[in-house]
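The primary structure of each chain is shown beneath.
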Amino acid sequence: NTKYQKLAFAHEEFEDKIYNFIEKAETCEKKINTMEQKEVNSDLYLSNFPEKPDTKIVCENLSQLLKIPRKNIKSAYTFPLSRKPPAQSSPQHSHIQKTFSVVIKLSDENTKIEALKAKKAKGIIKLEQLVPGIAAKFKDISIPTLARLTKFNNAVASRLIKARIEKKVDMFQLRNGLFRFKPLA
């Protein structure tokens with residue numbers, strides 16, 4: 001009986017340690033996500049480029065288009081993005097599509113907010129506006145210009161989009177590093 005009590009006590013201590021460890025890990029994960037999001041809060045994310053663009057030209061034209069002072073653009077880089085077609089697509093369209101994205105690092109979050117307001121007022125940005133002289137077949141391609149999210153926040157947003165499609169959520173938005181959503185009544 002004494003051995004059983006010692007084992008039970010040791011088991012409880014072990015469970016308490018695991019619970020504390022899980023709590024600390026969750027707290028650290030929240031802090032890391034907040035820090036990562038703060039790091040990308042002043043970035044603009046442009047996607048859907050059919051060819052790798054020259055980031056200097058894109059920055060220059062976006063600066064003029066959205067009236068962003070050129071000094072407020074710190075840097076930019078591009079990367080390829082491969083997209084698999086949906087499973088139900090026909091075999092002739094089943095090849096992997098490759099597009100390019102551009103991340104533009106702005107001086108601060110206020111500059112990004114002003115740029116997004118200007119983009120909203122201006123409407124759709126076409127590829128030709130950012131990359132003049134692009135091949136005629138690409139001229140009408142729209143270039144989404146968005147705020148950038150961390151991998152974690154992208155995952156949350158994709159789940160909320162799926163919930164909205166399934167009519168479980170009415171709306172959602174990211175505010176101050178936290179997602180707000182309104183479930184359907």
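Our subject is the structure listed above.
The following paragraphs examine the structure supplied in this document. (Residues numbered from 1 in each chain as written. Predicted model: local features only at pLDDT ≥ 70, side-chain atom pairs only at ≥ 80, totals over all residues. Heavy atoms only, no water.)

1. What about helix α1 (residues 2-40)?
It helps to recall that an α-helix has 3.6 residues per turn; residues three or four apart then point in one direction. The condition is simple: In this text, helices come from DSSP runs of H or I with a minimum length of four residues, and strands from runs of E with a minimum of two, each type numbered from the N-terminal end. Any helix carries an expected span of 1.5 Å times its number of residues minus one. Partly exposed describes any residue whose relative accessible area lies between the buried limit of under 20% and the exposed limit of over 50%, with all areas from a 1.4 Å probe on protein chains only and scaled to the type maximum. Here, residues are in contact when the closest pair of their heavy atoms is within 4.5 Å.
A rise of 1.5 Å per residue sets the reference length of α1, with its 39 residues, at 57 Å; its end C-alpha atoms lie 57 Å apart and thus fit the reference within 8%. Regarding α1, the residues found buried are Asn33, Gln37 and Val40. Here the buried face of α1 lies against β1 (43-49) and α5 (151-165).

2. Re helix α2 (residues 55-66)
Its 12 residues give α2 an end-to-end C-alpha distance of 16 Å, which sits within 8% of 16 Å, the value for a rise of 1.5 Å per residue. Within two residues after α2, Lys67 carries a phi angle of roughly 55°, on the positive side.

3. Details of the pattern of salt bridges
Our working rule: Take a side-chain nitrogen of Lys or Arg and a carboxyl oxygen of Asp or Glu: if they are within 4 Å of each other, that pair is a salt bridge.
Inspection of the entire model under this criterion finds four salt bridges. Close ionic contact of Lys105 with Asp43 constitutes a salt bridge, the shortest N to O distance being 3.0 Å. Placement of Lys105 in strand β3 (residues 97-106) and of Asp43 in strand β1 is noted, with a sequence separation of 62 residues between them. Judged by its relative accessible area of 1%, Asp43 is buried. In this structure, Arg70 and Glu60 form a salt bridge, with 3.1 Å as the shortest nitrogen-oxygen distance.

4. Section: the nonpolar core
The line we're drawing: Buried Ala, Val, Leu, Ile, Met, Phe, Trp, Tyr and Cys residues that are joined via side-chain atoms within 4.5 Å together make up what is termed a nonpolar core.
The biggest cluster of nonpolar side chains holds 22 residues, and the ones touching the most others in it are Leu44, Leu46, Phe49, Leu62, Ile104 and Leu130. Looking at this core, the elements with two or more residues in it are β1, α2, β3 and α4 (127-130). Excluding residues that lie within four positions of it along the chain, Leu44 makes contacts with Leu62, Ile68, Val102, Val103, Ile104, Leu106, Lys112, Ala115, Leu116, Thr145 and Leu146.

5. Notes on the pairing of β3
Inclusion rule: Note on pairing: two strands pair once DSSP finds at least 2 bridges between them.
Here β3 lies mainly inside the structure; seven of its 10 residues are buried. Here five bridges tie β1 to β3, and the two strands are oriented antiparallel to one another. Residue pairing across strands places Leu44 opposite Ile104, the latter belonging to β3.

6. Considerations on the side chain of Gln37
Looking at the element boundaries, Gln37 is found in helix α1. Gln37 gets classed as buried once you look at its relative accessible area, which sits at 5%. Among all residues touching Gln37, those that are not within four sequence positions of it are Arg148, Leu149, Thr150 and Asn153.

7. Remarks on the packing of aromatic side chains
Operational definition: Two rings belonging to Phe, Tyr or Trp (six-membered ring only in the last case) form a pair when the distance between their centres is within 6.5 Å. Interplanar angles under 30 degrees mark stacking, angles over 60 mark edge-to-face geometry, and anything in between is tilted.
On inspection of all chains with the given rule, the structure shows two aromatic pairs. Where Tyr77 meets Phe79, the ring centres are 6.3 Å apart and the plane angle is 35°; that geometry is what we call tilted. Using a relative accessible area of 32% as the deciding quantity, one classes Tyr77 as partly exposed. What makes Phe79 partly exposed here is its relative accessible area of 26%. Members of the aromatic cluster, connected to one another through ring pairs, are Tyr45, Tyr77 and Phe79.

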